[in-house]
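Spelled out from the first residue to the last, the chains are:
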Amino acid sequence: MRGLTDAVRHGFLIALLAGASLLVACDVKNISELEEGVSTEADVRERFGAPEAVWEGEDGAQIYEYNRQPAGHVNYMITIGPDGRMAALRQVLTERNFARVLPGMAMEEVRRMLGKPMKITTYELKRETHYDWRYLQGSNQSDSKVFTVVFDPDLRVINTMSVPDPDLERNR
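This write-up is about the structure you can find in this document. (Residues numbered from 1 in each chain as written. Predicted model: local features only at pLDDT ≥ 70, side-chain atom pairs only at ≥ 80, totals over all residues. Heavy atoms only, no water.)

1. Overview of unusual backbone geometry
The residue after Gln69, namely Pro70, is reached through a cis peptide bond having omega 5 degrees. Residue Arg127 is not a glycine yet carries a positive backbone phi of 60 degrees. With respect to the helices, strands and loops of the structure, Arg127 is situated in the loop between β5 (119-123) and β6 (128-136). The class of Arg127 is exposed, set by a relative accessible area of 55%. (Helix = DSSP H or I, 4+ residues; strand = E, 2+ residues; numbered from the N terminus. Buried < 20%, exposed > 50% of the residue type's maximum accessible area, 1.4 Å probe, protein only.)

2. Concerning the packing of aromatic side chains
With the rule as written, the count across this model stands at seven aromatic pairs. Ring geometry for Phe98 against Tyr135: centres 4.7 Å apart, planes inclined by 75 degrees, an arrangement best described as edge-to-face. Of this pair, Phe98 sits in helix α3 (residues 95-99) while Tyr135 sits in strand β6; the two residues are 37 residues apart in sequence, bridging distant segments of the chain. Here the two residues Phe98 and Tyr135 agree in accessibility, since each one is buried. Here the aromatic cluster, defined as three or more aromatic residues joined through ring pairs, consists of Phe98, Tyr131, Trp133, Tyr135, Phe147 and Phe151. It is Lys126 that lies over the ring of Tyr123; its NZ or CZ is 5.8 Å from the centre. (Phe/Tyr/Trp six-rings, centres within 6.5 Å; stacked < 30°, edge-to-face > 60°. Lys NZ or Arg CZ within 6 Å of the ring centre and 35° of its normal.)

As structure tokens, this is what we get:
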């Protein structure tokens, strides 16, 4: 029975990685068809669909969140300027952005910076909530990591950490 469970789990991981690879391929194509300062909001929506969230930006801009969690390793923030044109397209799950997550920050700030996490886990006894994002520290699937932000009961950052992706470790 254990062999069957491992086989199912391994098959699920392969399907998950295949789906993520397909999403990445579509994203690369869609991104290549967009140009900052030229592409319109309609162009962005045509290629990426409806955003996961829309955030208010500076000077009347809107920031569209396109989440690729839990299967993917990226989250995109696309800024639409007040003129209706794409002003910026950024992949936000980077070590540079992770370094900007500081103790005391509110959960909403972190969520706006990194997008929707792949998983949220509450530890009642520890009085902590962990938000996890999957990302790549290199260019291969074997470079998959999980960035965790630990929040206190008021949803303020206590600390952060990055660890190798446990899904890869479990299925080796």
